Amino acid sequence: MSERSDNEPGSRDNEPKDTPPKDIPPEETPPEETPAEAEARAKAATAAPAGDTPETIPAWKAMLQGLGPRGLAFKIGAPLLALLISVLIAALLMRLSGADPVSSIQSMIDYGTQQSSLVDIVNRATRYYLSAVAVAIGFRMALLNIGVDGQYRLAAMLSAALGGALTLPAPFGQLLVIVAAMLIGGLWAAIAGILKVTRGVSEVLSTIMLNAIATGVIAYLLNDKRLAEVRPGSNNVATPKIPGEGRVGPLNGFLSSIGINLPGDVYGLLPLAIVVGIVFWVVINFTRFGFDLKVSGLSASAAQASGVSAKRMIVITMVLSGAVAGLIGMPELLGASYEYSLNFPAGLGFTGITVALLGRNHPLGIALAALLFAFLDQSSDVLQDVGVPKEIVGVMQGVVVLTVAIVYELVRRWEIRLQQRSVATELATGHDLAKETA
């Protein structure tokens, strides 16, 4: 018998070469990803690879989202180390300016701990805290809302004009002004969010331009022919005074009832700032919206896999950030000035950016950072009396933020490397080191 030719129909080589082997089952459709698995995949996307680079997530994004050391020792040690370094740098600057750093810092502490100074520090910190929380809401999704300054000033001016034109019994007068400010701030911030999702315009550029537009709108409306009036005997222009029914009294009565007597008036809306911080912490950490926000900031693909629209989250986040920004001017407006004038506090939005970065976007960290910045601002008045330029405090604030950012990033990278080594050891030995340690 002759051998079968390779070209005969029964030859093995004539079988279709792309036919899968019969013993391999067809590929199954992967199951739908749960929210917990989506978050885990988002974190895995930002985890460190096995190469030389310790992480794939950009450092600026990690800083904005408050990603830092996880261990308690690292969380406490990193800011203390950064604060110590910044104090040493500030002392060096004071020495270069010809002043004694020890006596200068002691004078700042003595002046800043007086009762009258403590009242001003708490009031300043209230405004800084609200501003930082407004910024932190965007930071949690890696959105740079640089327009907080314009949002709160426009909201304060228009709500002050509304509160001065209407007289409502308490608490409806106060609620009207507060709600109006939140709506105005949220709508003004929504413009940047809509431009980003529909036209791809960076929120940094749009919010900076909206700050300039808000300044122009305020200058146009703050006129005696429109929404303002000229104060007799001065060149100051202001909105009509908010009537007594729409004002918020100081907290001194409550503080006196618990044995705290202060020489100045503490903002009556201080509890509002505390409530905003608590709500921010609860929403970010214990709600589905907070989960969606964090996952969208970590990985858009993971958010899409869990059924979250990244574009919708951008707009909602910008609106919420602007709504909180509208509250920044309320403690001063309803508790002290009762009008919006040329002397109304400005620049609080940019201070909030530095406070949020220093506080790592955590409500407690933001509160401590706001108190620190308020203390430095208040105690800077005494520096001129001891021969130190007041601008040293501004340099000190910038050094604090830069030092904290650098130290946190270095500690975060070190902690990631320790985790990588631990995982590598477990894979090599087959032991669960974390379980054995516990």
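Chemist: So what's going on with the overall build of the protein chain? Which residues, and what values?
Modeler: Assigned secondary structure in the protein chain consists of 18 helices and two strands. When the 438 residues of the protein chain are sorted by exposure, 44% land in the buried category.

Chemist: Go over the packing of helix H16 (residues 363–379) against helix H17 (residues 391–429), please, and point to the residues and values.
Modeler: Taken N-terminus to C-terminus, the directions of H16 and H17 make an angle of 160 degrees; their axes are 9 Å apart at the nearest point. Judged on the interaxial angle alone, H17 and H16 are roughly antiparallel. Along this stretch, H16 crosses H17, giving a crossing that reads as right-handed. Contacts from Leu-372, Phe-373, Leu-376 and Asp-377 of H16 reach H17 at Val-393, Met-396, Gln-397, Val-400 and Val-401.

Chemist: Any chance you could break down helix H7 (residues 172–199) for me, citing the residues and the numbers?
Modeler: Counted at 1.5 Å a residue, the expected span for H7 with its 28 residues is 40 Å, and the 40 Å between its end C-alpha atoms agrees. One or two positions beyond H7, positive phi appears at Gly-200, with a value near 70 degrees.

Chemist: Tell me about H16, residues and numbers included.
Modeler: The terminal C-alpha atoms of H16, which comprises 17 residues, lie 24 Å apart, in line with the 24 Å expected from a rise of 1.5 Å per residue. When we look at burial in H16, the residues that qualify are Pro-363, Ile-366, Ala-369, Ala-370, Phe-373, Ala-374, Leu-376, Asp-377, Gln-378 and Ser-379. Packing partners of the buried residues in H16 comprise helix H4 (101–112), helix H5 (115–139), helix H10 (270–286), helix H15 (348–358) and H17.

Chemist: Mind laying out the pattern of salt bridges, listing which residues take part and the relevant values?
Modeler: In total, this model carries eight salt bridges according to the counting rule given. Notably, a salt bridge pairs Arg-231 with Glu-339, separated by 2.3 Å at the nearest N-O pair. Highlighted residues: Arg-231 in the loop between strand E1 (229–230) and strand E2 (237–238) and Glu-339 in the loop between helix H14 (330–337) and H15, separated in sequence by 108 residues. Pair check on accessibility: Arg-231 and Glu-339 agree, each one buried. A salt bridge links Asp-292 to Arg-288, with the nearest nitrogen and oxygen atoms 2.8 Å apart. In this pair, Asp-292 and Arg-288 both sit in helix H11 (residues 288–298), four residues apart, roughly one turn of the helix. Note on Asp-292: relative accessible area 9%, which makes it buried. A single salt-bridge network, built from bridges that share partners, covers Glu-229, Arg-231, Lys-241 and Glu-339.

Chemist: For the packing of aromatic side chains, give the residues involved together with the corresponding values.
Modeler: A complete count under the given rule lists two aromatic pairs for this structure. Centre to centre, the rings of Trp-281 and Phe-286 are 5.1 Å apart; their planes meet at 75 degrees, and the pair counts as edge-to-face. Assessed through its relative accessible area of 36%, Trp-281 is described here as partly exposed. On the numbers, 4.8 Å between centres and 35 degrees between planes, the contact of Tyr-340 with Phe-344 is tilted. This pair shows no difference in class: Tyr-340 is buried, exactly as Phe-344 is. For Arg-226, the ring lying beneath its charged end belongs to Tyr-220, and the centroid distance is 3.8 Å.

Chemist: Any chance you could break down the side chain of Asn-211 for me, citing the residues and the numbers?
Modeler: Position of Asn-211 among the secondary structure elements: in helix H8 (residues 203–221). In terms of polar contacts, Asn-211 uses its side chain to reach the backbone amide nitrogen of Gly-150, at 2.8 Å. Aside from chain neighbours lying at most four places away, what touches Asn-211 is Ile-146, Gly-147, Asp-149, Gly-150, Gln-151, Arg-153 and Phe-350.

The rules we used
- Residues numbered from 1 in each chain as written.
- Predicted model: local features only at pLDDT ≥ 70, side-chain atom pairs only at ≥ 80, totals over all residues.
- Heavy atoms only, no water.
- Helix = DSSP H or I, 4+ residues; strand = E, 2+ residues; numbered from the N terminus.
- Buried < 20%, exposed > 50% of the residue type's maximum accessible area, 1.4 Å probe, protein only.
- Axes fitted to C-alpha atoms, helices over the stretch in contact; angles between N-to-C directions.
- Parallel < 35°, antiparallel > 145°, perpendicular 65-115°, else oblique.
- Left-handed = near helix turned anticlockwise from the far one by under 90°.
- Contact = heavy atoms within 4.5 Å.
- Expected span 1.5 Å × (residues − 1).
- Salt bridge = Lys/Arg side-chain N within 4 Å of Asp/Glu carboxyl O.
- Phe/Tyr/Trp six-rings, centres within 6.5 Å; stacked < 30°, edge-to-face > 60°.
- Lys NZ or Arg CZ within 6 Å of the ring centre and 35° of its normal.
- Polar contact = N/O pair within 3.5 Å; in protein donor to acceptor, adjacent residues only side chain to side chain.

The values are spatial; any link to function lies outside them.
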